[in-house]
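# Fold and geometry: a report
Residues per chain, in single letters:
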Amino acid sequence: MHSKTVEILLVEDNLNDAELTIRELKKNNLANEIHHVKDGEEALDFIFGTGKFSEKEELVHRPKLILLDIKMPKVDGIEVLKAIKSNELTKTIPVVMLTSSKEDPDIKKCYELGANSYIVKPVEFEDFRNVISNIRYYWLLINELPNT
Amino acid sequence: MNSFIIRSMTIAVTLLIIAVLSVILISILQFREIRETNSIITRNEENRYLMQQLLLSMLDNETGARGYVITGKEDFLEPLKKSELSLQKFRNELSSKTINPVLASLLKDSLSPLIDKRIAFSRQMVSLRKEGKEDEVRMLVLGGKGKHYTDEFRRISDKMNNIRSGILNKERKNNEQSIYRLNLFLYITLGFIFILSVINFREIIRFSNKQKAVEAELKRSKEVFSTLFYKSPVMKLIFEPSEIRILDVNDSFCNFFGFTKDELIGKTTAETGLRIPSPLREEVIRKMQAGELVRNIEGQIKTNKGEQKWVSINLDRVSIQNNDRIIGSYVDITQQKTQQEIIANHNRELEERVFEKTRELVKNEEELRLLNETLERKVLERTAQLEKANKEMEAFSYSVSHDLRAPLRGIIGFTNIIEEDYGSKMEEEEKRLFTIIKNNTQKMGSLIDDLLAFSRLGRKELTRTDVDMQTMVQEVVTELDKNLTNNIEWLINPLPPAVADYTTIKQVWSNLIGNAIKYSSKNDHPKIEVGSFEKDNKQVYFIKDNGVGFDPRYKDKLFRVFQRLHSENEFEGTGIGLALSDKIITRHGGSIWAEGDINKGASFYFTLL
């Protein structure tokens, strides 16, 4: 059993967006590790390992912060959120929804499931960059992440 | 009223009798009084006479005695004897005739002894003379006893006469009073009777007048009845209830049924054919016996000519001079009945028609209802469809905008990365090329936004409210002008408020003012005027600038999508702004147009509904 300390898990299917996000997050060298998975299934595998995650009693990885997109193939963000927030081992991990969906139902659902934050990705690049920068600043600098 | 007359007469007669009796009675009484008085007077006179005679006799006795005494002649003894006899005679008579006790006692006690004494004296004188005793006689005479007796007799008889006079006077007075009283009584009685008679008489007169009035009233009443009954336009008849025999009819009745009075009076209704037909007859009889009113019983009666006529029968039971009678009033309702039948037929027809029509209506209603239901369902369906379509469009637009933009973000992002990471190593030309790429990407973003706005507008509902155009323009100007460096000379005239959709009209102003600013930016002294005027009863808003203007030949193209009259190099823009404004204004029901010339500025006008 190896438990490597991964700081941030980015769950994003759009590779371009992922690259831009990672690039921005890495500025000021604040994040050690940023791991990127491109859909919900990979995300769950990453955290819980393969097989039914609900039966797991041990984690493969435990990120300190999860940035979660909603619209993804195979397993979408809401399901991932549900999985994470319902498992005793992972429910304290802060999850920031980072999605282009502005839909009220999505927002409500995420908060109901226990999302810690909901951020809409701006369409303009400049704005997008600023938002990511703010996320970085807030969640990694100002906000206290729980220790495990 | 006979009793009254009898009574009055009785009273009158009674009064008369009383009067007569009174008179008779009083007369009798009076008569008796007078007679009594008369008898008293007579007695009085007689007694006076007797007294006188007694006195004379006393004197005779005296003189006789004296005469003999003087003469001695026997001749004088004769009168003396006579006087004694008359004295006795008269004394007895007087004594029997004297009633008054005072007088009687005087007579007996006083007078009578005197007479005896005189007689005795005279006898004494005579006897003495006869004896020749003249001196004794003279002594006797001189003694005066004889004279004394006579004088005393005179005195007493005078006294008695006075008493008698008194008695007589008293008697007279009594008599007078009595008579007076009787007369008074009589007069009072008569007076009383007179008054009662007068009263009685007045009563009779009054009664007589009343009788006259009653008679006059009766006469009048008879006349009224006669008129009412005989001349009434309503057919009337009087009959007696036991055999239904007609006693009287009026003219209307006769005329209507075609009989003469003689043909009807005395006959029964059966004989004349005027009987009320059964079963009505039974009902009428029943009602009359029960004491109910018989009113408006409608039945058919045959006239003398054989026609059947409808009449409305009213019967009243009355008592005329203690005789049981029935008064019938008939009203001819033949016409009414005919009309009623016509109306009834009409009604029946109408009812049938109404029934049919109602059936039709009900059917129509049913159809209508079904139609309504169908329509409503269709409307619901369409609405649902529309909503769905709208939603789909929205989703589509959103998706389009979103998904088209995502790659743009990528392009700009990565271009940035290149610039950031490798910018120092890049040539000027490379940098320039990247800038072009970035610019184009920006442009695409704007185009997407504008297109999205344009499409969204088509589906949007306008909400008209009162819009303060003045304030709106001010806001837009302030917003758009704040970052500019050229000092634009603004002239914003008072703008009247309008009824419009706030958001979209603001978009129009933004567009127009933005354009004005943009296209006059190259001017040294840019001047923009905003205002309004009235034309054809409509409010026209305008904005004028002194910028580059446009070629008026192409003024119609101005409002087309993506149409521009200037190149991107000269002025940036997507060419959708005016198209959007045009669409907005058209949706409001107004119109927008422009005027201008090259380098002479442009003026844009618009009206709302």
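Owing to the predicted nature of the structure, the values given are computational and were not obtained by experimental measurement.

### A short note on the environment of Ser232 of chain B
All names here are of chain B. Among the structural elements, Ser232 can be located in the loop between helix H5 (145-231) and strand S1 (235-240). For Ser232, a relative accessible area of 10% puts it in the buried group. Measuring from C-alpha to C-alpha, the distance between Ser232 and Ser252 comes to 6.9 Å, with 20 residues separating the pair along the chain. Not counting residues up to four positions away in its chain, the partners in contact with Ser232 are Thr227, Asn250 and Ser252. Among the polar contacts listed, one links the side chain of Ser232 to the backbone nitrogen of Val234, at a separation of 3.1 Å.

### Considerations on the environment of Ile576 of chain B
All names here are of chain B. Within the secondary structure, Ile576 sits in the loop between strand S10 (538-545) and helix H14 (577-587). In this structure, the C-alpha to C-alpha distance between Ile576 and Phe559, residues 17 residues apart in sequence, is 8.0 Å. Aside from chain neighbours lying at most four places away, what touches Ile576 is Asp450, Leu451, Phe454, Val561 and Phe562.

### Here we look at the confidence of the model for chain B
The predicted model of chain B has a mean per-residue pLDDT of 86, with 99% of residues at 70 or higher. Across the interfaces of the predicted complex, the ipTM metric reaches 0.78, alongside a pTM of 0.42.

### Describing helix H12 (residues 469-481) of chain B
Residue and element names in this part refer to chain B. Taking 1.5 Å per residue as the helical rise, H12 with its 13 residues ought to reach 18 Å, and the 18 Å between its terminal C-alpha atoms agrees with that figure. Turning to H12, its buried residues number three or more, namely Met469, Met472, Val473, Val476, Val477 and Asp481. Projected down its long axis, H12 carries its buried residues within an arc of 140°, all on one side.

### Some details on the sheet that holds strand S4 (residues 95-99) of chain A
Residue and element names in this part refer to chain A. Pairing is parallel across the open sheet formed by 5 strands, whose spatial order is S2-S1-S3-S4-S5. Since the sheet does not close on itself, it has two edges, and those belong to strand S2 (34-37) and strand S5 (117-120), each with one partner. Neighbour to neighbour, the strand axes of the sheet diverge by 20° on average, direction disregarded. Relative to S4, strand S3 (residues 65-68) is paired through 3 bridges, and the arrangement is parallel. Bridged to Leu68 within S4 is Met97. Relative to S2, helix H2 (residues 40-48) is tilted by about 135°, and along the sheet it contacts strand S1 (8-11), S2 and S3. Contacting S3 and S4, helix H3 (residues 77-86) crosses the sheet at an angle of about 180° to S4.

### What about the sheet that holds strand S3 (residues 294-302) of chain B?
Residues and elements named next belong to chain B. Strand order in this open sheet of 5 strands is S2-S1-S5-S4-S3, and the pairing throughout is antiparallel. A strand with exactly one partner marks an edge of an open sheet, and here the two such strands are strand S2 (245-249) and S3. Each neighbouring strand pair of the sheet contributes to a mean axis angle of 35°, computed without reference to strand direction. Strand direction decides the pairing type here: strand S4 (residues 308-320) and strand S5 (residues 323-332), joined by 10 bridges, are antiparallel. Across the sheet, residue Ser312 finds its bridge partner in S5, namely Val331.

### Some details on the nonpolar core
Residue and element names in this part refer to chain B. Counting residues in hydrophobic clusters, the biggest one holds 38 residues, and the most contacted among them are Met469, Trp509, Phe604 and Phe606. Ranked by the residues each element gives to this core, the list is headed by helix H13 (residues 502-519), at 7 residues. For Met469, the contacting residues outside a window of four places in its chain are Leu495, Pro496, Pro497, Ala498, Ile505, Trp509, Tyr541, Phe606 and Leu608. In terms of nonpolar packing, the next biggest core, distinct from the first, is built from 29 residues, Met51, Tyr68, Val69 and Leu111 among them.

### Focus on the interface of chain A and chain B
Counting residues at the interface gives 18 residues for chain A and 13 residues for chain B. For the pair chain A and chain B, the two sides together bury roughly 1,400 Å², of which 52% comes from carbon and sulfur. The interface formed by chain A and chain B includes 5 salt bridges. Residues Asp421 of chain B and Arg23 of chain A are paired through a salt bridge, measuring 2.6 Å at the closest nitrogen-oxygen approach.

Basis of the calculations
Residues numbered from 1 in each chain as written. Chains lettered and ligands numbered in written order. Predicted model: local features only at pLDDT ≥ 70, side-chain atom pairs only at ≥ 80, totals over all residues. Heavy atoms only, no water. Helix = DSSP H or I, 4+ residues; strand = E, 2+ residues; numbered from the N terminus. Buried < 20%, exposed > 50% of the residue type's maximum accessible area, 1.4 Å probe, protein only. Contact = heavy atoms within 4.5 Å. Polar contact = N/O pair within 3.5 Å; in protein donor to acceptor, adjacent residues only side chain to side chain. pLDDT = per-residue confidence, 0-100. Expected span 1.5 Å × (residues − 1). Arc of directions from axis to C-beta. Pairing = 2+ DSSP bridges. Axes fitted to C-alpha atoms, helices over the stretch in contact; angles between N-to-C directions. Core = buried A, V, L, I, M, F, W, Y, C linked by side-chain atoms within 4.5 Å. Buried area = accessible area lost by both parts, 1.4 Å probe. Salt bridge = Lys/Arg side-chain N within 4 Å of Asp/Glu carboxyl O.

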